Amino acid sequence: MRVAMIGTGYVGLVSGACFADFGHTVTCVDKDAGKIAALRAGEVPIYEPGLDRLVETNVREKRLDFTTELAGPVAEADAVFIAVGTPSRRGDGHADLSYVYASAREIAAAVSGFTVVVTKSTVPVGTGDEVERIIRETRLEADVAVVSNPEFLREGAAIRDFKHPDRIVIGTVDERAKQVMTEIYRPLYLNQAPLLFTARGTAELIKYAANAFLATKITFINELADLCEKVGGDVQEVARGIGLDNRIGGKFLHAGPGYGGSCFPKDTLALIKTAQDHEAPLRIVETVVAVNDQRKRAMARKVAGALGGSVRDKTIAVLGLTFKPNTDDMRDAPSIPLITAFDDMGAKVRAYDPAGMEQAKRDLDGLVTFCGNAYECAEGADALVIVTEWEQFRALDLDRLKAAMRQPVVVDLRNVYRPDEMARAGFVYSSIGRAPFRG
Ligand SMILES: NC(=O)c1ccc[n+]([C@@H]2O[C@H](COP(=O)([O-])OP(=O)(O)OC[C@H]3O[C@@H](n4cnc5c(N)ncnc54)[C@H](O)[C@@H]3O)[C@@H](O)[C@H]2O)c1
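A. Main features of the overall build of the chain. Scanning the chain from N- to C-terminus turns up 18 helices and 14 strands. Computed over C-alpha atoms, the radius of gyration of the chain comes to 23 Å, within 12% of the 22 Å expected from 2.2 N^0.38 for 439 residues, which places it in the range of a compact globule. Considering the chain as a whole, with its 439 residues, one finds that 54% of them fall into the buried category. Taking all contacts inside the chain whose residues are at least 6 apart in sequence as the whole, residues at least 24 apart take part in 73%. Summing over all exposed atoms, the chain offers an accessible surface of approximately 19500 Å²; the carbon and sulfur share of this is 50%. In the chain, 54 side chains carry a positive charge and 60 a negative one; their mean positions are 3 Å apart.

Now the structure itself:
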């Protein structure tokens, strides 16, 4: 199959490279000339484990290439995937669909022969209808089927997720489109990944429902963590105790500083807006969003509490800035409101992240002294806060860390360490939803 991928970001680049790896011929298109120039020069512009090798191999095998010009690859394609961004619209929180609609117009002008236009971007229910309307309005005679195929990959494990998905959701009733989509996903289908065919609007809803449900699970355990702290329970054991129940499942039950990232915040908000527009409000999701928003600043107050109530003129070392490990993505990372709150409270902040500091400079420049490693970050700090659970923060040299700090106070927002080992190492240690160690 010939595939054109419109938008070469986290989703477009991973999907494009994986489709090429399946044996299809893929051209990734992006408006960002810098990104395309980098890719053509053999550089992968994002940090995603394994992606550089996958891209390199498929470029070498001539199954994958990159361009800023949409028309050529679209004209030749059996399927055109739209994988452009759908951020929150400024002002009202609806999904900003301007990039999707702009691509639809350009695609309509360029298609030739029967072409499946597939929305991979996360879009509100009804967007596929609008994409189809735009294409017909632009070129009445265009022979297209518009399909929804939401993406469920996670940054940091994107290639594995793409190649071993729990399911592939395909929203279309068009028989020709079903054939093309089945052919594109054949290698996964042979691997037993369930292909779930459904109506287009239902597929669009499935993606938002999945993200809202996962955000709810995280928020649920976060609130239980707060209760555990008040009553002396251990949230990790509660999570394990409920997670072993197959009806609940153990994933997404890690208490922490509140969810962030490129998807959950914007997708929960967009779903709420869609539901309100249709007079079917989703009260649970509304509450999840409100609880999660408040949590970020509550985490800053927790750190202040660990320092006796105030962080004014104190130095705080922050380990981890990206919204999760194994990515350089800083979109809606919990570290941003946390560090902003520290700044509001009069603290000085030092920070280190293994991959995200370049991106972080855009959001946090002036608020943070960026450091070269965890120990340099800890130097002279009154408190060290673990914000992102990068692997390298799981086995820090505790003596070296303590020697570098002004006060041995650690606030572990990811429960990476055990209270007893930290107490033994001489730290005043607090974490999420677990009582301090009392010897
Ligand atoms: N990042 C994730 O983990 C993830 C997971 C599942 C779904 N999604 C969804 O996938 C979509 C893309 O997300 P992302 O994280 O890859 O975004 P991204 O911002 O990394 O990439 C989007 C790319 O599209 C390009 N673009 C915008 N308009 C264009 C146009 N008209 N023509 C060509 N290129 C254009 C941008 O330059 C950018 O490089 C979003 O809807 C997102 O919600 C993301």
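B. Representation of the pairing of strand E14 (residues 428-431). Here E14 shows a clear split, with Tyr-429 and Ser-431 buried on one side and none of Val-428 and Ser-430 buried on the other. What joins strand E13 (residues 409-412) to E14 is helix H18 (residues 419-424), and the crossover it makes is right-handed.

C. Looking closely at the nonpolar core. Val-318, Leu-321, Phe-342, Leu-384 and Leu-401 are the most contacted members of the largest nonpolar core, which has 63 residues in total. Examining the composition of this core, we find that five residues originate from one element, helix H14 (residues 335-344), more than from any other. Look past the residues within four positions of Val-318 in its chain and what remains in contact with it is Ile-339, Phe-342, Val-349, Arg-350, Ala-351, Tyr-352, Cys-377, Val-385 and Val-387. Within the second largest apolar cluster, 41 residues are counted, among which are Val-3, Cys-18, Phe-19 and Ala-158.

D. Just the pattern of salt bridges, in detail. In total, this model carries 30 salt bridges according to the counting rule given. Here Asp-161 and Arg-154 are joined by a salt bridge, their closest N and O atoms 2.7 Å apart. Overall, Asp-161 belongs to the buried group, its relative accessible area being 10%. The partner of Asp-344 in a salt bridge is Arg-297, with the nearest N and O atoms 2.9 Å apart.

E. Layout of the site of the ligand. With respect to spatial proximity, 26 residues lie near the ligand, and among them Asp-30, Lys-35, Thr-86, Glu-155 and Lys-266 are the closest. Asp-30 places a polar side-chain atom, nitrogen or oxygen, 2.6 Å from an oxygen atom of the ligand. The side chain of Glu-155 places a nitrogen or oxygen atom 2.7 Å from a nitrogen atom of the ligand. In isolation the ligand exposes 830 Å². Once the protein is present, 89% of that is buried. With three residues, helix H5 (residues 98-110) is the largest single contributor of residues to the shell around the ligand. Looking at the shell around the ligand residue by residue, the class counts come to eight nonpolar, eight polar and ten charged.

F. Seen up close, the packing of helix H10 (residues 200-231) against helix H11 (residues 235-243). Direction vectors running N to C along H10 and H11 enclose 135 degrees, while the axes themselves pass 9 Å from each other. The orientation of H10 with respect to H11, classified from their angle, is oblique. Every pair of crossing elements has a handedness; the one defined by H10 and H11 is right-handed. Between H10, through Phe-220, Ile-221, Leu-224, Ala-225 and Cys-228, and H11, the contact on the second element is made entirely by Val-235, Val-238, Ala-239 and Ile-242.

G. Helix H3 (residues 51-60), seen in detail. Those residues of H3 that sit buried are Leu-51, Leu-54, Val-55 and Asn-58. On an axial view of H3, the arc spanned by its buried residues comes to 95 degrees, and they lie on one face. Looking at H3, the residues exposed on the side facing more than 90 degrees away from the buried face are Arg-53 and Arg-60. Buried positions along H3 lie against helix H1 (10-21), strand E3 (64-67) and helix H7 (158-163). Just downstream of H3, Lys-62 is the residue with a positive phi angle, here 60 degrees.

Criteria and thresholds
Residues numbered from 1 in each chain as written. Predicted model: local features only at pLDDT ≥ 70, side-chain atom pairs only at ≥ 80, totals over all residues. Heavy atoms only, no water. Helix = DSSP H or I, 4+ residues; strand = E, 2+ residues; numbered from the N terminus. Rg over C-alpha atoms; globule rule 2.2 N^0.38 Å. Buried < 20%, exposed > 50% of the residue type's maximum accessible area, 1.4 Å probe, protein only. Contact = heavy atoms within 4.5 Å. Areas by Shrake-Rupley, 256 points an atom, 1.4 Å probe, with all protein chains shown as cover. Lys, Arg positive; Asp, Glu negative; His and termini not counted. Charge placed at Lys NZ, Arg CZ, Asp CG, Glu CD. Right-handed = clockwise from strand over helix to strand, strands pointing away. Core = buried A, V, L, I, M, F, W, Y, C linked by side-chain atoms within 4.5 Å. Salt bridge = Lys/Arg side-chain N within 4 Å of Asp/Glu carboxyl O. Near = heavy atom within 4 Å. Polar contact = N/O pair within 3.5 Å; in protein donor to acceptor, adjacent residues only side chain to side chain. Nonpolar A, V, L, I, M, F, W, Y, C, P; charged D, E, K, R; others polar. Axes fitted to C-alpha atoms, helices over the stretch in contact; angles between N-to-C directions. Parallel < 35°, antiparallel > 145°, perpendicular 65-115°, else oblique. Left-handed = near helix turned anticlockwise from the far one by under 90°. Arc of directions from axis to C-beta.

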